[in-house]
Amino acid sequence: MKIYLNGQFVDSADAAISVFDHGLLYGDGVFEGIRLYGGNVFRLEEHLERLEYSARAIMLDIPHTRAELSEIVCETCRQNGLTDAYIRLVVTRGVGDLGLAPWTCPKPSVFVIASKISLYPQEYYDNGLAIVTVPTRRIGPAALPPTVKSLNYLNNILGKIEARQFGALEAIMLNEQGYVAECTADNIFIVHKGELITPAISHGALKGITRDAVLDIAEELKVPLRDSSMTRYDVWCADECFLTGSGAEVVPVIALDGRRIGDGKPGPITREVLASFRRRVLVEGTRI
Ligand SMILES: Cc1ncc(COP(=O)(O)O)c(C=O)c1O
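Parameters at a glance
Residue indices begin from 1 for each chain and proceed along its sequence in written order. Residue-level local features of this predicted model are given only where pLDDT is at least 70; pairs of side-chain atoms are given and counted only at 80 or more, and the full residue set underlies all totals for whole chains, interfaces and linings. Water and hydrogen atoms were dropped before computing side-chain values, which therefore reflect all heavy atoms in the structure. In this analysis, axes come from line fits to C-alpha atoms, helices being fitted only over the stretch in contact, and the angle between any two N-to-C directions falls in the range 0 to 180 degrees. Put simply, DSSP H or I for four residues or longer makes a helix, DSSP E for two residues or longer makes a strand, and each gets a number counted from the N terminus. Roughly parallel here means an angle under 35 degrees, roughly antiparallel means over 145, roughly perpendicular means 65 to 115, and every remaining angle is called oblique. Handedness of a helix crossing follows the sense of rotation of the near helix relative to the far helix, less than a right angle counterclockwise being left-handed and clockwise being right-handed. Contacts are assigned to residue pairs that have any heavy atoms within 4.5 Å of one another. Near, as used in this document, describes a residue that has one of its heavy atoms within 4 Å of the molecule or strand being considered. Under this definition, polar contacts are N or O atom pairs within 3.5 Å; protein pairs additionally need one hydrogen-donor-capable and one acceptor-capable atom, and for neighbouring residues in sequence, both atoms have to be side-chain atoms. Shrake-Rupley sampling with a 1.4 Å probe provides the accessible areas, and residues are treated as covered by the protein chains on show and by no other component. Here a cavity means grid points, on a 1 Å grid over the protein atoms only, where a 1.4 Å probe fits yet cannot get out; a pocket means an open set of points with protein on both sides within 12 Å along at least five of seven lines; lining residues are those with an atom within 4 Å of a point. A cavity or pocket is said to hold a molecule if more than half of that molecule's atoms lie within 2 Å of its grid points. Under the grouping applied here, Gly and all other residues not named as nonpolar or charged are polar, the nonpolar ones being Ala, Val, Leu, Ile, Met, Phe, Trp, Tyr, Cys and Pro and the charged ones Asp, Glu, Lys and Arg. What makes a salt bridge here is a side-chain nitrogen of Lys or Arg within 4 Å of a carboxyl oxygen of Asp or Glu, nothing more. For every residue, the accessible area (1.4 Å probe, protein chains only) is compared with the maximum for its type, and the residue is labelled buried under 20%, exposed over 50%, or partly exposed between those bounds. For two strands to be treated as a pair, DSSP must find no fewer than two bridges joining them. For the handedness criterion, the strands are oriented away from the viewer, and a crossover whose path from the first strand over the helix to the second runs clockwise is classed as right-handed. Here the bounds of each domain stem from an automatic or database domain assignment. When two components associate, each loses some accessible surface as probed by a 1.4 Å sphere; the sum of these losses over both components is called the buried area. The criterion for an aromatic pair is that two Phe, Tyr or Trp rings (for Trp, the six-membered ring) have centres within 6.5 Å, with stacked assigned to planes under 30 degrees apart, edge-to-face to planes over 60 apart and tilted to the rest. To sit over a ring, a charge needs its Lys NZ or Arg CZ within 6 Å of the ring centre and within 35 degrees of the ring normal. By this rule the span expected of a helix is its residue count minus one, scaled by 1.5 Å.

Student: Please clarify how the packing of helix α2 (residues 44–57) against helix α3 (residues 66–79) should be interpreted in this entry.
Tutor: Helix packing for two helices is described by the angle between their axes and how far apart those axes are. The geometry of α2 relative to α3 is characterised by a closest axis approach of 10 Å and an angle of 120 degrees between their N-to-C directions. As summarised for this structure, α2 and α3 are arranged oblique, according to the angle between their axes. For the crossing formed where α2 meets α3, the hand is right-handed. Between α2, through Leu44, Glu45, Leu48, Glu49, Leu51 and Glu52, and α3, the contact on the second element is made entirely by Arg66, Leu69, Ser70, Val73 and Cys74.

Student: Quick question: what am I supposed to make of the site of the ligand here?
Tutor: Residues in contact with the ligand amount to 17 residues; listed here are only the nearest, Lys149, Tyr153, Glu182, Thr210 and Ser246. With respect to the ligand, the side chain of Lys149 contributes an N or O atom lying 2.7 Å from an oxygen atom. With the chains in place, 95% of the 380 Å² that the ligand exposes on its own is no longer accessible. Under a 2 Å grid-point criterion requiring more than half of the atoms, the pocket assigned to the ligand is the largest pocket. Only α6 (209–221) and β13 (240–245) provide two or more residues apiece to the shell around the ligand. Residue composition of the shell around the ligand, by class: four nonpolar, eight polar and five charged.

Student: How should I be thinking about the pattern of salt bridges in this particular structure?
Tutor: Where side chains of opposite charge bring their charged atoms close, a pairing between them can arise. Under the counting rule described, the total for this entry stands at 18 salt bridges. In this structure, the salt-bridge partner of Asp11 is Lys2, at a minimum N-O distance of 3.1 Å. Residue class for Asp11 comes out partly exposed when judged on its relative accessible area of 37%. Judged by relative accessible area, which is 29%, Lys2 ranks as partly exposed. A salt bridge links Glu195 to Arg226; the shortest N-O distance between them is 3.1 Å. Of this pair, Glu195 sits in strand β11 (residues 195–199) while Arg226 sits in strand β12 (residues 225–228), and the two are 31 residues apart along the sequence. With a relative accessible area of 22%, Glu195 lands in the partly exposed category. Three or more residues are tied together by salt bridges with common partners; here these are Arg43, Asp216, Glu220, Arg280 and Glu284.

Student: Explain the pairing of strand β7 (residues 129–133) to me, please; I cannot follow it from the model alone.
Tutor: Every other side chain in a regular strand lies on the same face of the sheet, so the side chains alternate between the two faces. Buried residues dominate β7, accounting for four of its five residues. The pairing of β7 with strand β14 (residues 249–256) spans three bridges and is parallel. Each bridged residue has a counterpart across the sheet, and for Leu129 the counterpart in β14 is Val253. As paired elements, β7 and strand β8 (residues 171–174) share two bridges and run parallel to each other. Bridging across to β8, Val132 finds its partner in Ala171. Assessed by its sense of winding, the connection that carries the chain from β7 through helix α5 (residues 154–165) to β8 is right-handed.

Student: Sorry, what's going on with the domain arrangement of the protein here?
Tutor: When the parts come together, some accessible area is lost, and that loss is often what is quoted as the size of the interface. Here the domain parsing of the protein yields domain 1 (2–115) and domain 2 (122–285). Here domain 1 and domain 2 have C-alpha centroids that lie 26 Å from each other. Contact residues are listed per partner, giving 24 residues for domain 1 and 24 residues for domain 2. Summing both partners gives a buried area of about 2000 Å² for domain 1 against domain 2, and 60% of it is carried by carbon and sulfur. If you look at where domain 1 meets domain 2, you find three salt bridges.

Student: Help me understand the environment of Leu225, please; the structure alone is not making it clear to me.
Tutor: Within the fold, Leu225 resides in strand β12. Taking the C-alpha atoms as reference, Leu225 lies 30 Å from Ile157; in sequence the two are 68 residues apart. Every residue in contact with Leu225, bar those within four places of it in the chain, is listed here: Leu196, Leu215 and Ala218.

Student: What exactly am I supposed to notice about the packing of aromatic side chains here?
Tutor: Given two aromatic rings, their pairing is described by the distance between the two centres and the angle made by the two planes. Counted by the stated rule, this structure contains six aromatic pairs. Each ring, one from Phe42 and one from Phe277, has its centre 5.6 Å from the other, and the planes form 80 degrees; the classification is edge-to-face. Separated by 235 residues along the polypeptide, Phe42 in the loop between β4 (40–41) and α2 and Phe277 in helix α8 (residues 268–283) bring together distant segments of the chain. Like Phe42, the residue Phe277 is buried in the burial classification. We note Arg259 situated over the ring of Trp236; from NZ or CZ to the ring centre the distance is 3.7 Å. Its end group placed over the ring of Tyr125, Arg278 keeps NZ or CZ at 5.0 Å from the ring centre.

Student: Just to check I follow, could you spell out α3 for this structure?
Tutor: Residue pairs three or four apart in sequence face the same way in an α-helix, which turns once every 3.6 residues. Taking 1.5 Å per residue as the helical rise, α3 with its 14 residues ought to reach 20 Å, and the 20 Å between its terminal C-alpha atoms agrees with that figure. Residues of α3 that are buried include every one of Leu69, Ser70, Ile72, Val73, Cys74, Thr76 and Cys77, and no others. One or two positions beyond α3, positive phi appears at Gly81, with a value near 60 degrees.

In structure tokens:
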């Protein structure tokens, strides 16, 4: 496998980052998880825009233009002969000294990994996931705004560990006020009385690229849509529920905290959204 690392393509065995890189020492950096479908990079511009915003938020200067980054992402896919892949684009603060100070890091590190992805097994798309709510709260905007897709994922990792302790693959994380924010690596939607509802970004969610795609799909399907506050009660009493993410795509949820959602099967709107998403990814995107 060829990895793009700071201007060169190197074998994965040689793709090494310094132990003094602040991405490693402090989680000081930003990243994107992107999908390649049939030779098209899905919503690449949107991913690069989000990366730029994340970098601006942490005062990190990305040493490339958007056009250059776009080419680097596409070339990494070409170098590996891939037409379908999961792409990880990372920009760290770079190598510095052992203190926190980011100004000791003169040059950000940039790397891109394009690899096959292990998705949820097909049975979860057919039958749905049972998820739980975990005790760990999503970090609030006064600490690290959850809209920043930073390398600092410990909060979500604690949520993921707790999900596993409860025997679930994904979990709802609440915000500090107790409202549903999102899942550990996915956004969440419910369907209630024909309306599609998702927590507002201001409630502590990442502005997911897949979430945005589903907002467009709702318009196409003429399903009324609302982004608002959401409690666990709203999810327990929903007719349908699904999660969205670049890795997960659109995955149905059929239970939360031991309560069956709807009739305990993936619902009709969820199925329509998933089908529309699968059609879109084949035609939307940047040709590599
Ligand atoms: C915390 C979190 N929320 C939501 C998402 C979904 O975002 P996207 O659809 O852009 O992959 C991710 C994806 O990585 C995530 O890490």
